[in-house]
Amino acid sequence: MLRSLKGLYHLLVAILANIWFGFPSRKLMVIGVTGTDGKTTTTTLIYEILKKASLKASKITSVHATIAGRDYDTGFHVTTPSAWWVQKYLREAVNHGDTHMVLEVSSHALSQYRVFGVRFAVSVITNVTHEHLDWHITYENYLKTKLSLLKQGKIAVVNRDEADVYMASIPLLTKKRYVTYGIRRDSMVNPKTFPFKTKLPGEFNRYNALGALAVSDVLGIDHATAAQAIAQFPGVVGRMEMVQEKPFRVIVDFAHTPNAIISALSTARKMTKKRLIHVFGSAGLRDSSKRPLMGKASAEYSDVIVLTEEDYRTEQVEKIMDAIASGIPPEKELHRYPNRKDALMFALSQAKQGDLVIVTGKGHEKSLCRGTKEFPWSDADEMRKILKRL
């Protein structure tokens, strides 16, 4: 009942926002990107391609928004702004003379009507893995919510290699134009049909690049132009961000799901010949069923695991760490530091030449939630301070 009332409230806000700002999406080519992982990088790559093609574009991601030539910090705990701010940003883009908007769309945004009334020209879905079941209850509901973006777009772009997503999307694609992308399977956009080079590490970033290339193909942008934009792109803050190269590597990443941890750590594993030290936690008052799976994923690739806090909110940090640890084999070297700064200090002090320390979960975010308060925090900044003192 409470959720229904909240949904009605968000819907009313969205309707009012559309009317107040004059349905701005009708004057833009809006590209929506959803999925569990890869949304931010794919959204940003599409934006970079649009700029390289000399198109006037804006973007909204969980890291930051670029609207009408101005940057806005969005580095907190929300992917898609409220419906009011979405429509406000769209109106600013229109008034600026922009022709395109790339919008990162979360499952919460879809279920809470934050993008209600937005006319999507292209809808992209990257993947769907274990996440947000505290809100969606079941994986099936979560998948259905993500796929709803495909219904809203005139043209759909789908990751062909994600079997669950692709099979579930087929009924939605029969009456609209669609493009598939992938690496291993038969897809319309793949490394052979659309060759490219990227500075971004990992197979998951190859998928992000291919998703962006698929959108550029849909929009009729020259492949050479799109490929050049991808080749020049240095990466997104907090996404496999290199904080230090020597004497040991230090990386910050946003991975906070089992699948994202596998992607990040499997990439990091290839980047070190010695130990992989992984520091992470799990957010409080969020999907608790993923915690043992996160521990299992870390144990598969890490030599040393350091568990710590990550926006524990009103939950007990020790109980969250217990849940993660339940998925970690007893023979794995495991350390626990409830305070995140202490965890980082320990990990960095233990690292030796040739090791790699990767800290996941916070990425670009600029705050840490303890109890009901947000405290200023940056993994990358904090580690740079520690490294100077070592």
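Computed from a predicted structure; not experimentally measured.

Parameters at a glance
Residues numbered from 1 in each chain as written. Predicted model: local features only at pLDDT ≥ 70, side-chain atom pairs only at ≥ 80, totals over all residues. Heavy atoms only, no water. Pairing = 2+ DSSP bridges. Helix = DSSP H or I, 4+ residues; strand = E, 2+ residues; numbered from the N terminus. Axes fitted to C-alpha atoms, helices over the stretch in contact; angles between N-to-C directions. Contact = heavy atoms within 4.5 Å. Buried < 20%, exposed > 50% of the residue type's maximum accessible area, 1.4 Å probe, protein only. Polar contact = N/O pair within 3.5 Å; in protein donor to acceptor, adjacent residues only side chain to side chain.

## Details of the sheet that holds strand β1 (residues 29-34)
With respect to topology, 8 strands assemble into an open sheet ordered β4-β3-β2-β5-β1-β6-β7-β8, the strand pairing being mixed. The sheet is open, and its two edges are formed by β4 (70-73) and β8 (177-181), each paired on a single side. Recorded for the sheet is a direction-independent mean angle of 15° between the axes of neighbouring strands. The sheet strands contacting helix α7 (residues 163-173) are β6 (120-125), β7 (155-159) and β8, and the helix crosses β7 at an angle near 165°.

## So, helix α13 (residues 340-350)
Among all positions in α13, only R340, A343, L344, F346, A347 and L348 are buried. The N-cap residue of α13 is N339: its side-chain oxygen and the backbone nitrogen of K341 are 2.9 Å apart.

## Some details on the pairing of strand β3 (residues 64-67)
In the sheet, strand β2 (residues 57-60) pairs with β3 via 2 bridges, with the strands oriented antiparallel. Across the sheet, the residue bridging to K59 is T66, located in β3. The antiparallel pairing of β2 with β3 creates a hairpin that spans 3 residues between the two strands. Where β3 meets β4, 4 bridges bridge the pair, whose relative direction is antiparallel. Opposite A65, over in β4, you have Y72 as the bridge partner. Counting the residues between successive antiparallel strands, the hairpin from β3 to β4 contains 2 residues, one of them, A68, with a positive phi of roughly 50°.

## Quick notes on unusual backbone geometry
Residues K246 and P247 are joined by a peptide bond in cis, for which omega reads 5°. Structurally, the position occupied by P247 is in the loop between β9 (241-244) and β10 (249-253). The backbone of F23 shows a phi angle near 45°, a positive value even though the residue is not glycine. A positive phi angle is found at D311, which is not glycine, with a value near 55°. Mapped onto the elements of the fold, D311 is located in the loop between β12 (304-308) and α12 (317-325). Under the relative-accessibility criterion, D311 is labelled buried at 3%.

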